[in-house]
Amino acid sequence: MNDPAETATHAEPGGLPEPGARPGWGAPARTATPPGPGGLTDPGPLLRPGAMYGSAMSEPGVPPAATPGTAFEVGVPPAQPPASRPGPSAEPGGPPPAELDWDRAVELIRRTDEICLACHVSPDGDALGSMLALGRALRACGKRCLASFGEPFGVPAILRFLPGQELLVEPARVPRAPELMISLDAAGRARLGSLAATADRAGALIVIDHHASNTGFGGVRLVDPAAAATAVLVEELIRRLGVPLDRDIAQGLYAGLASDTGSFKYPCTTPEVHDLAGRLLTAGVRPETVSRELWDRAPFGYLQVLASALSRARLERDAAGGLGLVWTTVTRSDRDARDVPYDQLEGVIDQLRRTDEAEVAVVCKENDRGEWYVSTRSKGSVDVGRACVELGGGGHRTAAAFTMGGEPAWIIDRLRAALRVPGGVETDD
Ligand SMILES: [Mn+2]
């Protein structure tokens, strides 16, 4: 399969633009800059608020379906990071960053004036929140900085409240070979989409990530599989850079932390996570604002789409090894009738998975290309990740997804079979 990253065209063959000459590059914060191209107040013509191209949105905590040859992204942090660390060798997925790694990252940042940030495609709260928080911190210490992510380039509706959107530029406007690039929350270079080739050409590449499945790319690696979110690592980097947390920086980090801990509900919610959350609240974050924006609001049409989806839900008590399966669909015509965009549908699965009688919950969501993005959840006894991998997607034991064409009933037949294969269903002894 062609790697789109290798065939991406770039609008900037000449390398880094002149300082301040490019929309999205902020001027150093300590330099007074009038509004206009390159200035701090210039959002640039490149970010189109409200635009959402394509429909491959990821859900909080759920990896997008993997494509062949694509490094698989586990969107959910490790299930059980140890509360206290017994030592690097015992870490799942590898040791946390060493002092030397932090020192190298800080040194690279200190000596570079212009820095490009990139997060994974179809960014979630951790990817975008961490990236924008770091971008604002870098501008605060005098760097010119821009941020982007590979196509489809469009900020999901629920993330448009995040401060720092003025840092965003379309991926085609990212310099072809940045002096320093920082990758955030991407488990592999392929997860950078069209910016993967840019990362390859960068003079230096710092990778900040917390996925156990991280492929090991990047010259300087701040990768800690035990971290609940990339935001945890970004906060430490910001601290080491000596930048105080202001409210806007803290809000991005908090959005990342809240997203990847499922609102502080997942097992990765350690005492350290709450300590960090406390520091972010001290810096001015309003938790009710973040959670309302992320999860607790939707247009009225969404309620009607949800009602349709729930009214069609089917409970199959014998499926999933007799533990029960509940599933439904959200069609494109459902959405079109209510003018609800695809990226508003992330909460449907959270209603379905409450079903007491079903271990596994599934929502088939028809995207704008007519394919079905199939979100799955289990309560822990069934490994839906394995089933989704078998069907060409990816995931975690309790949250996974795949994309498939065809009729939903046929897709569910295949999923039901995958959940039946040896190892697909594991019941507690
Ligand atoms: Mn993350």
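Residues numbered from 1 in each chain as written. Predicted model: local features only at pLDDT ≥ 70, side-chain atom pairs only at ≥ 80, totals over all residues.

For the rest of this paragraph, the subject is the overall build of the chain. Along its length, the chain carries 14 helices and eleven strands. Within the span of the chain, comprising 429 residues, buried residues form 51% of the whole. Sequence-distant contacts in the chain: of pairs separated by 6 or more residues, those separated by 24 or more amount to 70%. (Helix = DSSP H or I, 4+ residues; strand = E, 2+ residues; numbered from the N terminus. Buried ≥ 20, exposed ≤ 12 C-beta atoms within 10 Å, placed from the backbone. Contact = placed C-beta atoms within 7 Å.)

It is worth spelling out the nonpolar core at this point. Core analysis: the largest hydrophobic core is formed by 78 residues, its most contacted members being Leu117, Leu134, Tyr254 and Leu257. Ignoring sequence-local partners within four residues, the contact set of Leu134 consists of Leu117, Ile182, Leu184, Val234 and Ile238. Core analysis: the second largest hydrophobic core is formed by 37 residues, Val340, Leu391, Phe402 and Ile412 among them. (Core = buried A, V, L, I, M, F, W, Y, C linked by C-beta atoms within 7 Å.)

A word on the pairing of strand S3 (residues 180–184). If a strand is regular, its side chains alternate between the two faces of the sheet. Burial within S3 is extensive, with five of its five residues counted as buried. Residues Leu180, Ile182 and Leu184 of S3 are buried on one face, and the alternating residues Met181 and Ser183, pointing to the opposite face, are buried as well. Alignment of strand S1 (residues 114–119) against S3, held across five bridges, turns out to be parallel. Bridge pairing in S3 links Ile115 to Leu180. In this sheet, strand S4 (residues 204–209) lies alongside S3 in parallel orientation, the contact comprising five bridges. Each bridged residue has a counterpart across the sheet, and for Met181 the counterpart in S4 is Leu205. With helix H4 (residues 196–201) bridging S3 and the parallel S4, this β-α-β connection has right-handed handedness. (Pairing = 2+ DSSP bridges. Right-handed = clockwise from strand over helix to strand, strands pointing away.)

Per-residue confidence for the chain averages 81 on the pLDDT scale, and 76% of its residues sit at or above 70. Counting interchain partners and residues more than four positions distant, the pLDDT-below-50 stretch residues 1–23 has 51 contacts. Counting interchain partners and residues more than four positions distant, the pLDDT-below-50 stretch residues 27–92 has 162 contacts. (pLDDT = per-residue confidence, 0-100.)

Our focus in this paragraph is helix H9 (residues 300–311). The terminal C-alpha atoms of H9, which comprises twelve residues, lie 17 Å apart, in line with the 16 Å expected from a rise of 1.5 Å per residue. For H9, the set of buried residues is Val305, Leu306 and Ala309. All buried residues of H9 project into a common sector of 100° when viewed along the axis, lining one side. Exposed residues pointing more than 90 degrees away from the buried face of H9 are listed as Phe300, Leu303, Ala307 and Ser311. (Expected span 1.5 Å × (residues − 1). Arc of directions from axis to C-beta.)

We now examine the sheet that holds S3. Taken in spatial order, the five strands line up as S2-S1-S3-S4-S5 in an open sheet, and their pairing is parallel. The strands lining the two open edges of the sheet, one partner per strand, are strand S2 (144–149) and strand S5 (220–223). Recorded for the sheet is a direction-independent mean angle of 15° between the axes of neighbouring strands. Examined bridge by bridge, S4 and S5 share four bridges and lie parallel to one another. Paired with Asp209 across the bridge in S5 is Val223. Set on the sheet, helix H2 (residues 99–110) makes contact with S1, S3, S4 and S5; between it and S5 the angle comes to about 120°. Strands S1, S2 and S3 of the sheet are contacted by helix H3 (residues 125–140), whose axis makes an angle of about 170° with S1. (Axes fitted to C-alpha atoms, helices over the stretch in contact; angles between N-to-C directions.)

This part covers the environment of Ala177. Mapped onto the elements of the fold, Ala177 is located in the loop between S2 and S3. What makes Ala177 partly exposed here is the crowd of 19 C-beta atoms within 10 Å. As for Ala177 and Arg201, which are separated by 24 residues in sequence, their C-alpha atoms are 5.0 Å apart.

Of all six residues in S2, six are buried, a share of seventy percent or more. Every second residue of S2 is oriented toward a common face, with Arg144, Leu146 and Ser148 on one face and Cys145, Ala147 and Phe149 on the other, all of them buried. Taken together, the six bridges between S1 and S2 define a ladder with parallel strand orientation. If you follow Ala118 over to S2, its bridge partner there is Ser148. At this point the chain moves from S1, through H3, to the parallel S2, and the crossover so formed is right-handed.

This next bit is on the packing of helix H6 (residues 247–260) against helix H7 (residues 271–282). Relative orientation of the contacting elements H6 and H7 amounts to 150°, with a least axis distance of 9 Å. Viewed along their axes, H6 and H7 adopt a mutual orientation that is roughly antiparallel. Read as a crossing pair, H6 and H7 show a hand that is left-handed. Contact residues: Ala250, Leu253, Tyr254 and Leu257 in H6; Val273, Leu276, Ala277 and Leu280 in H7. Per-class residue counts for the contact of H6 with H7 are eight nonpolar, no polar and no charged. (Parallel < 35°, antiparallel > 145°, perpendicular 65-115°, else oblique. Left-handed = near helix turned anticlockwise from the far one by under 90°. Nonpolar A, V, L, I, M, F, W, Y, C, P; charged D, E, K, R; others polar.)

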